[in-house]
Structure formats: structure tokens, C-alpha cells
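Structural characterization, general
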Amino acid sequence: MAKIIGGIATSHVPAIGAALDNGKTQEPYWQPVFKGYEFAKEWIQQAKPDVVILVYNDHASAFSLELIPTFALGCAAEFPPADEGWGPRPVPVVKGHPELAAHIAQSVILDEFDLTIVNKMAVDHGLTVPLSLVYGQPKEWPCQVIPVAVNVVQYPAPTGNRCYNLGKAIRKAVESYPENLRVMVWGTGGMSHQLQGPRAGLINQPFDNHFLDQIGPHPEKLTRIEHLEYLRESGSEGIEMVMWLVMRGALNENVRVLHRFYHVPASNTAVGHLVLENVG
Ligand SMILES: [Fe+2]
């Protein structure tokens, strides 16, 4: 049977991708950011997931204001990197796992989560920057990836609780898939940041660190954070953190935090990162 072995949470700041692609990782501004990912890069070599279910949000690349699914499941065999205005990132095409994705659709939709099935989709920095942070710059990505795109761009975004429960439904789906696959779930986005308006540049380190403290042992507490609280405490883009709760819901009740990293600032945002391993 397929098995979820652990999870990774990470910010997906676009400037991190640009720093990597332009060979700036050793510059004094970026060096501490990339240092925080050395553990994950080592660990993933042993953990070797066959498939990563990568929870992220699209930033008006594949979707626009014309069509905004709350939860979209990538069922295609391939997902090309999106052109976000400067040409597509020079990263490999993302290979999907259509069979497992179809199984997840079947299981999760019958579990009363109305996923949008997406058979053709370009993937933007929200998905490719986490892959680059963990896998570096390989010729091919060493795992298959099932994108799960969550709308956190246009209000109303789903609640943290809804995201957490979606994660549980994904776990049930994966655990009922007959093939022996090592599966990992990644939650991306955040942490506190605001890109526009009078509070642009807002970063709330106590809020972020509380989130990092709680998501391992007490995720239910975080599921009760309301949209207004995210907006007030973590800025207009802080709502991206609900995507970490999809990842957490997909893991066991007990997890071990293998690595924790927090760094401010990276392109006006707070970077947070966790590596979680399932226990039991
Ligand atoms: Fe984002």
C-alpha cells in the first residue's frame, strides 16, 4: 500500500527562485536562506519519496480572475513551468502521477470535498521554488509530483480547518492506494508578509514562531485561526499558511519535528521551513 512518510513546510518566495536561477545563492543576502535548507536536501536523499503531493497556490499563472477553483488537483502526466513574466524558470518539467491523482480524486470527492480536476496546467513559483529548495538544480526532478492548488488569492479562501480536513481526506486516499509508494506531502506559502498597501513589508515574528511551535504537536489550535486574524497578524498574504494545514492534516497525529528554520527577511517576507516525520 502507499504510505505517507512525512511532510515538509516551506515558504515559496519567488525571489528565492530568481536567486537560485541567477547563481546568487552564496551572496551575503541569500546565503543564510539557503543554509536553512541544507538539512532537507540531505534528508530527502534518504527519505526518497516516490511521489510528493505539493500543496501550493497559483499566483494568476494557470488561473485568473476568470476562473478560481478553491481546491484544484493536478491529474496530468506533466506540468510545464509557467511563464510569470520573465520566461519560464529554467527548471525541469514536473512529472505527475495520473494514476494516484485519479485515485485521490475518486476518494476525496466521494469524501465530500469538491476538488476541481485539472488535466492541463502550468505550475508557477509556488510549486517550483519548494522543489528547487529541497532538490537543488537537477536535470530531472527525482520524484513525481501531484499539485494541489489552493485558492488563497481571491477571498474567500478556504478556512484553515477545511484545509486540515482536506489533508486528512488525502491521507485516507493515499493509504488506500494499492501500490507500494513512498509519498510525502508538502505545504507551502507564508509566512507573514504583505506585498501592498500601507502595511507593505509587515512581518510578525511572534505570530510565525507560534505557528511553527504549534503545527507539530497542536495543529487543531491553528485550525481555529480566522481569516481576519491572519490578515491582521500576518499581513494580506499570510493567509497562505492555511496550506501548511493541508500538509499537517495528511500526516499522523504524532509527528517528529526533524528540522526547523526561520529567517527574516527574504524579499520582504518571513521564510519558515519545517521537516516533519510521521511517528507510529
Ligand atoms: Fe505565494
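Each remark here, short or long, concerns the structure printed above.
What comes next is a walk through the structure. These figures come from a predicted structure and were not determined experimentally. Throughout this description, residue numbers start from 1 for each chain and increase along the sequence as written. For this predicted model, a pLDDT threshold of at least 70 governs which residues receive local features, and a threshold of 80 or more governs which side-chain atom pairs are given and counted, while totals over whole chains, interfaces and linings are taken from all residues. Side-chain metrics in this entry use all non-hydrogen atoms of the structure; hydrogen atoms and water are not considered.

1. Some remarks on the sheet that holds strand S10 (residues 269-278)
In this scheme, strands are said to pair when DSSP sees at least two bridges between them. What counts as a helix is a DSSP run of H or I of at least four residues, what counts as a strand is a run of E of at least two, and both are numbered from the N terminus. Taken together, the eight strands give an open sheet; going across it, the order is S6-S3-S7-S2-S8-S1-S10-S9, and neighbouring strands pair in mixed fashion. The open sheet has two edge strands with one neighbour each: strand S6 (116-118) and strand S9 (255-266). Within the sheet, the average angular offset between the axes of one strand and its neighbour, ignoring direction, is 20°. Sheet topology places strand S3 (residues 71-74) next to S6; three bridges connect them, and they run parallel. Its bridge partner being in S6, Gly74 is matched across the sheet by Val118. Note on method: axes are straight lines fitted to C-alpha atoms, helices fitted across the in-contact stretch only, with angles between N-to-C directions ranging 0 to 180 degrees.

2. Description of the coordination of the iron ion
Counted as donors are N, O and S atoms no farther than 2.8 Å from the metal, or 3.2 Å for Na, K and Ca; water is not among the atoms, and sites may therefore look incomplete. With distances of 2.0 to 2.1 Å, the protein atoms coordinating the iron ion are His12 (NE2), His59 (NE2) and Glu240 (OE). One chain supplies every donor for the iron ion, spaced along it as H-x46-H-x180-E. Placement of His59 in the loop between strand S2 (51-56) and S3 and of Glu240 in the loop between helix H9 (227-234) and helix H10 (242-250) is noted, with a sequence separation of 181 residues between them. Classification of His59 by relative accessible area gives partly exposed; the value is 24%. Whether a residue is buried, partly exposed or exposed follows from its accessible area with a 1.4 Å probe, protein chains only, as a fraction of its type maximum: under 20%, in between, or over 50%, in that order. Under the relative-accessibility criterion, Glu240 is labelled buried at 6%.

3. Digging into the pairing of S9
Across nine bridges, the pairing between S9 and S10 is antiparallel. Bridge pairing links Tyr262 to Gly272 in S10. Between S9 and S10, which follow one another and run antiparallel, lie two residues, and Ser267 among them has a positive phi close to 55°.

4. What about the nonpolar core?
Buried Ala, Val, Leu, Ile, Met, Phe, Trp, Tyr and Cys residues that are joined via side-chain atoms within 4.5 Å together make up what is termed a nonpolar core. The biggest cluster of nonpolar side chains holds 55 residues, and the ones touching the most others in it are Ile53, Ile104, Val108, Val183, Phe211 and Tyr230. Excluding anything up to four places from it in sequence, Val108 contacts Phe113, Leu115, Leu166, Ala169, Ile170 and Ala173. Core analysis: the next-biggest nonpolar cluster, separate from the first, contains 29 residues, Trp43, Tyr56, Met121 and Leu127 among them. Two residues form a contact once any of their heavy atoms are found within 4.5 Å.

5. Some thoughts on the packing of aromatic side chains
Ring pairs shown here join Phe, Tyr and Trp side chains whose ring centres sit within 6.5 Å, with only the six-membered ring taken for Trp; geometry is labelled stacked below 30 degrees between planes, edge-to-face above 60, and tilted in between. Inspection of every chain in the model, using the stated rule, returns six aromatic pairs. Judged by centre distance (6.3 Å) and plane angle (55°), the ring pair of Trp30 and Phe34 falls under tilted. Residue Trp30 shares its accessibility class with Phe34, and that shared class is buried. A centroid spacing of 6.2 Å and a plane angle of 75° characterise the contact between Phe207 and Tyr230, whose relative ring orientation is edge-to-face. Remark: Tyr230 occurs in helix H9 and Phe207 occurs in helix H7 (residues 205-215); sequence separation between them is 23 residues. Judged on exposure class, the residue Phe207 and its partner Tyr230 are both buried. Ring-pair connections join several aromatic residues into one group, and the members of that group are Tyr29, Trp30 and Phe34.

6. Structural notes on the state of the cysteines
A covalent bond between the sulfur atoms of two cysteines is what we call a disulfide. Defined by distance alone, a disulfide is two cysteine sulfur atoms within 2.5 Å. Here the structure, examined in full by the defined rule, presents zero disulfides. Cysteine Cys163 remains unbridged, with the sulfur of Cys75 as its closest cysteine sulfur at 18 Å.

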